[in-house]
Amino acid sequence: MEIRVVLPQHLRTLAQVGSEVTLSVEAPATVRAVLDALEAGYPVLRGTIREHGTLKRRPFLRFFACEEDFSLGPTDTVLPARVLSGDEPFYIVGAIAGG
Amino acid sequence: MSSVRVLVGTRKGAFILTADGTRTSWDIQGPFFGGWELYHLKGSPVDPNRIYASQGTGWFGQLVQRSDDGGKTWAAVDNTFAYEGVPGTHQWYDGTPHPWEFKRVWHLEPSLTDPDVVYAGVEDAALFRTIDGGKSWHEMPGLRRHGSGSQWAPGAGGMCLHTIILDPADAKRMFVAISAAGTFRTDDGGETWKATNRGLRSNHIPDADAEVGHCVHHVAQHRARPNVLFMQKHWDVMRSDDAGDNWVEISGNLPTDFGFPIDIHAHEPDTIYVVPIKSDSEHYPPDGQLRVFRSRTGGNEWEPLTRGLPQKDCYVNVLRDAMAVDTLDSCGIYFGTTGGQVYASADAGDTWTAIARDLPPVLSVEVQTLTD
């Protein structure tokens, strides 16, 4: 299936892509599967979203889809149907910084 | 005709400043990697168009970029910095054990002989190397496994390996400096290391003869005289005449001996430069006057260099890797400030000009002297 992923600005620049990328992901399309496909398609992003080795989410990033937060749950959580159908994207969001 | 290329790393990107050998008119390219912290950029001595850059942010971690065309285009190389084995613990600020954790690359030092070989000094302190132009990085674990590793502690900026000196006279000799552990030397290509801190005195260490724990800010070596090292420590400017085995203080008549960078004239091994900073709690020049101090006697006797530098209301800092020299006949000296200025002197420090005035805070400055 085709999954839409929205990246934060710095990662768009790094991967040389627009605001959104579309990834082919085998079912079941879990958080981990989407991130694996993203890093496979754009190797420059390895280590920028998840730490090398442990694959832990970097602390200043969150994952959202369909108004739900997928950051803290198990990474084998299957994404909502509207993400699987391509109607909604999976968002990778960087913490805002003020000051 | 010679020219000069200045590589500037800032809090919000990299900039490349170029001029011909007269160094009177400067072109500024950038920002490269806008919005990212560029801790350090450095070119290969044997292939100046090969430049490596340390790129990162707290959000997205560490990247390393490589250019093969003098900085016009860049490509990311490997960014995996994995400690060898179980990394163990070092001291935390409160003296308790704390696990070793990779945070960032502070300094990249390309080999003197092979553009594909680069050393990386990282936080938490360790030395990494690539031998394939950045396709992969591997730790040189002998340093971290020096018996004192569990006693190393971070300075305020983190426990960083910030200085790497490759000895031009001995391919197996290398020096590194870590804040706050001290200086270390290998004579066998990095297999084993010796702490080289005898003579350093640090008020924050109860034991006056402590082997490690010293907050060394930067170390410089002249290629023509590799056994002589100059050091800017947290407090104190120091000199060693025996490759770091013993150090003596050469602060002399400096208005304050706190500071970060130290560098050496390209053709005069006893002419050295520092930028005195008021104190470790007030990181700006004394009296609001930005002054480089030069010693032509290898230390102790210092003269202020002020022409062209702000002499009132100046409260910037100059960080440890933000000073460099070119190798033109009339040696050029360059430094960048946390206020975003890059100052250059084409006459060994007698007069200064701001060659960039409004950049983001400058983290590092390196200079390449290019010949057609």
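Residues numbered from 1 in each chain as written. Chains lettered and ligands numbered in written order. Predicted model: local features only at pLDDT ≥ 70, side-chain atom pairs only at ≥ 80, totals over all residues.

Peer 1: Looking at this model, I keep getting lost on the overall build of chain B. Mind explaining?
Peer 2: Counting its secondary structure elements, chain B contains zero helices and 30 strands. Here chain B has a C-alpha radius of gyration of 19 Å; the compact-globule value for 372 residues is 21 Å, and the two agree. Taking the principal axes of its C-alpha atoms as reference, chain B extends roughly 50 × 45 × 40 Å. Here chain B holds 372 residues, and the buried ones make up 52% of them. By sequence separation, contacts in chain B at least 24 residues apart represent 49% of the contacts at least 6 residues apart. (Helix = DSSP H or I, 4+ residues; strand = E, 2+ residues; numbered from the N terminus. Rg over C-alpha atoms; globule rule 2.2 N^0.38 Å. Buried ≥ 20, exposed ≤ 12 C-beta atoms within 10 Å, placed from the backbone. Contact = placed C-beta atoms within 7 Å.)

Peer 1: Hey, could you run me through the overall build of chain A in this one?
Peer 2: From N to C terminus, chain A includes three helices and five strands. Going from the N terminus to the C terminus, chain A shows its helices and strands as β-α-β-α-β-β-α-β. Taking 99 residues into account, the globule formula puts the C-alpha radius of gyration at 13 Å, and chain A, at 13 Å, falls close to it. Scored against the burial criterion, the 99 residues of chain A give a buried share of 28%.

Peer 1: Help me understand the sheet that holds strand S2 (residues 13-20) of chain B, please; the structure alone is not making it clear to me.
Peer 2: Sheet strands pair via backbone hydrogen bonds, and the direction of the pair is either parallel or antiparallel. Residues and elements named next belong to chain B. The strand order across the open sheet formed by four strands is S3-S2-S1-S30, and the pairing between neighbours is antiparallel. Each edge of the open sheet carries a strand with a single partner, namely strand S3 (27-32) and strand S30 (362-371). Sheet twist, expressed as the average angle between the axes of neighbouring strands with direction ignored, equals 15°. Here four bridges tie S2 to S3, and the two strands are oriented antiparallel to one another. Counterpart to Ala14 in the pairing with S3 is Phe32. (Pairing = 2+ DSSP bridges. Axes fitted to C-alpha atoms, helices over the stretch in contact; angles between N-to-C directions.)

Peer 1: How do you make sense of the nonpolar core when you look at a structure like this?
Peer 2: Generally speaking, a soluble globular protein has its nonpolar side chains buried in company with each other. Residues B:Val8, B:Val176, B:Tyr334, B:Val342 and B:Val365 are the most contacted members of the largest nonpolar core, which totals 107 residues. Per-element tally for this core: the top contributor is strand S15 (residues 174-179) of chain B, with five residues. In terms of nonpolar packing, the next biggest core, distinct from the first, is built from 23 residues, A:Leu14, A:Val21, A:Val25 and A:Leu79 among them. (Core = buried A, V, L, I, M, F, W, Y, C linked by C-beta atoms within 7 Å.)

Peer 1: Looking at this structure, how should I read the interface of chain A and chain B?
Peer 2: Contacts between chain A and chain B engage twelve residues on the former and twelve residues on the latter. Residues of the side of chain A that touches chain B, tallied by class, amount to five nonpolar, six polar and one charged. (Nonpolar A, V, L, I, M, F, W, Y, C, P; charged D, E, K, R; others polar.)

Peer 1: Sorry, what's going on with unusual backbone geometry here?
Peer 2: The bulk of non-glycine residues show a negative phi, and the bulk of peptide bonds are trans. The residue after B:Glu123, namely B:Asp124, is reached through a cis peptide bond having omega -5°. Among the secondary structure elements, B:Asp124 is positioned in the loop between strand S11 (118-123) and strand S12 (126-130).

Peer 1: What should I look at first to understand the sheet that holds strand S5 (residues 51-57) of chain B in this one?
Peer 2: Residue and element names in this part refer to chain B. Reading across from one edge, S4-S5-S6-S7 is the order of the four strands in this open sheet, with antiparallel pairing throughout. Both outer strands of the open sheet, strand S4 (37-43) and strand S7 (75-77), are each paired with one neighbouring strand and no more. Strand-to-strand twist across the sheet, computed as the mean angle between neighbouring axes with direction ignored, equals 30°. As defined by bridge partners, S5 adjoins strand S6 (residues 61-67) across seven bridges and the pair is classed as antiparallel. The partner of Gly56 across the bridge, within S6, is Gln62.

Peer 1: So what exactly am I meant to see when it comes to the confidence of the model for chain B here?
Peer 2: Should pLDDT be low for a region, the predicted coordinates there are not to be read in detail. Looking at chain B, the pLDDT average stands at 96 and 100% of residues meet or exceed 70. If you check the scores for this complex, the pTM reads 0.96 and the ipTM reads 0.93. (pLDDT = per-residue confidence, 0-100.)

Peer 1: Even after reading the chapter, I still don't get the environment of A:Pro28, so can you show me in this structure?
Peer 2: All names here are of chain A. Locating Pro28 in the fold gives a position in the loop between strand S2 (20-24) and helix H2 (31-41). The spacing of Pro28 and Leu79 is 51 residues in sequence and 8.6 Å in space, taken between C-alpha atoms. In contact with Pro28, not counting residues within four places along its chain, are Ala33 and Val78.

Peer 1: For this particular structure, what's the right way to read the pairing of strand S20 (residues 237-240) of chain B?
Peer 2: Within a regular strand, the side chains alternate between the two sheet faces. All names here are of chain B. Side-chain alternation along S20 places Val237 and Arg239 on one buried face and Met238 and Ser240 on a second face that is also buried. Turn length for the strand S19 (residues 229-233)-S20 hairpin, with the two strands adjacent in sequence and antiparallel, is three residues, and the turn residue Asp236 shows positive phi of about 90°. Here two bridges tie S20 to strand S21 (residues 248-249), and the two strands are oriented antiparallel to one another. By the bridge assignment for S21, Met238 is matched with Glu249.

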